[in-house]
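Structural characterization, general
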Amino acid sequence: MHIYAEKRFLDNNIKNISDALELEIISDQPNKNSYLAYDGNGLSFIKDAANPKEFVHIDFLKGKLGWRIKRAEHESNLKKALGKTKKELNIFDATAGFLSDSMIFLSLGHKVMAVEQSKIIFYLVEDAIKRAQSEIPFLKNLSFLNGNSLDVFKTGKGSFDAIYLDPMYPIMKKNVKGSGDMRSIRSILKLENISNEANDLCDAFMQCEYQKIILKRPLKYKKIYSNINYQVKGKTTRFDIFI
Ligand SMILES: C[S@@+](CC[C@H](N)C(=O)[O-])C[C@H]1O[C@@H](n2cnc3c(N)ncnc32)[C@H](O)[C@@H]1O
């Protein structure tokens, strides 16, 4: 895979990303396979050069996500999952993905440490953070890391009021969320040869010391653990809470 950037867009930011991902920067637009593209709007992932209209570009200021962040107060299910509290919580997001859920936690006034295992996803999100930093002050309450969240958690840097787990959804027949973002995440993980054992990750966190675990699952997904304290149900997803 390559990073495609016209010469006029070359800056230190993309040079650092190219070093970190060990990907060469090229100035001719690829006509096959997946690639990363960098221009005046920042970093994007193009899944298939033959269909450049299908791409991933994270933006916290505009679009569906920007709108969700602005209306974070309306996220009643996530709020219920966190529980009634006036205090600022320290949340550990073990499955950061495109950071949508963590952005809601931050915008509700909480502090978040979020960890993403995929390097490509990490740099797409980090680029979005850099672009949004001057306009979204609460981003200062975020610590965003690339790595395995279980390893990070076990190093014990910080005490957390809640661990948030949103592992990859199992592919289900009528997987409502099997669209858009999830499809993109799946294809990036495949490209990086990252396998996903959602249950292993959940089992491992369940065995750690925690105050509260919030596990996001498809609404109809079978209950794996019997010690659920309460559930918050939405139209397509539910949160299983363990205290
Ligand atoms: C369903 S997505 C999370 C979506 C996220 N909640 C959001 O709002 O965008 C799951 C993500 O967790 C990441 N992940 C899974 N296991 C992980 C681990 N052990 N450490 C870090 N990230 C992990 C996957 O790479 C994927 O990006």
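The shown structure was predicted, so the numbers you read here are calculated from the model rather than taken from an experiment.

On to the site of the ligand. Taken together, the neighbourhood of the ligand is formed by 23 residues, with D101, E116, Q117, S149 and D166 sitting nearest. At a separation of 2.7 Å, an oxygen atom of the ligand approaches a polar side-chain atom of E116. The separation between a nitrogen atom of the ligand and a polar side-chain atom of N148 is 3.3 Å. Among the elements of the structure, helix 4 (100-107), strand 7 (111-116) and helix 7 (180-191) are those that each provide at least two residues to the shell around the ligand. Of the residues forming the shell around the ligand, the biggest block, 3 residues, is contributed by helix 7.

This part is about the sheet that holds strand 10 (residues 213-218). Spatially, 8-7-6-9-10-12-11 is the arrangement adopted by the 7 strands of the open sheet, whose pairing is mixed. Strands at the two margins of the open sheet, each flanked by one partner only, are strand 8 (142-146) and strand 11 (230-233). Ignoring strand direction, the axes of neighbouring strands in this sheet form an average angle of 20°. Taken together, the 6 bridges between strand 10 and strand 12 (residues 237-242) define a ladder with antiparallel strand orientation. Looking at strand 12, one finds that R217 is bridged to R238. Taken strand by strand, helix 4 contacts strand 6 (90-93), strand 7, strand 8, strand 9 (162-165) and strand 10, and its axis lies near 170° from that of strand 7.

Summarising burial for strand 10: 6 of the 6 residues are buried, a large majority. Relative to strand 10, strand 9 runs parallel, the two being bridged by 3 bridges. Bridged to L165 within strand 10 is L215.

Even without being glycine, L99 reaches a positive phi, approximately 75°. As for its position among the elements, L99 is in the loop between strand 6 and helix 4. Although it is not a glycine, N193 sits at a positive phi angle of roughly 55°. By secondary structure assignment, the location of N193 is in the loop between helix 7 and helix 8 (198-206).

The rules behind the values
In this convention, every chain numbers its residues from 1, walking through the sequence in written order. Under the rules for a predicted model, residues below a pLDDT of 70 receive no local features and side-chain atom pairs below 80 are neither given nor counted, while totals for whole chains, interfaces and linings still include all residues. For side-chain calculations, the full set of non-hydrogen atoms in the structure is used, while hydrogens and water are omitted. Near is defined per residue: the residue qualifies when any heavy atom it owns lies within 4 Å of the molecule or strand. Polar contacts here mean pairs of N or O atoms no more than 3.5 Å apart (in protein, one a potential hydrogen donor and the other a potential acceptor; neighbouring residues in sequence count only if both atoms are side-chain atoms). In DSSP terms, a helix is any run of H or I states spanning at least four residues, a strand is any run of E spanning at least two, and both are numbered starting from the N terminus. Two strands pair under a simple rule: DSSP has to find at least two bridges between them. Helix axes use the C-alpha atoms of the stretch in contact, all axes being lines fitted to C-alpha atoms, and the angles between their N-to-C directions lie in the range 0 to 180 degrees. The contact criterion used is simple: two residues touch if any of their non-hydrogen atoms lie within 4.5 Å. For every residue, the accessible area obtained with a 1.4 Å probe (protein chains only) is divided by the maximum for its type, and the residue is called buried under 20%, exposed over 50%, and partly exposed between those limits.

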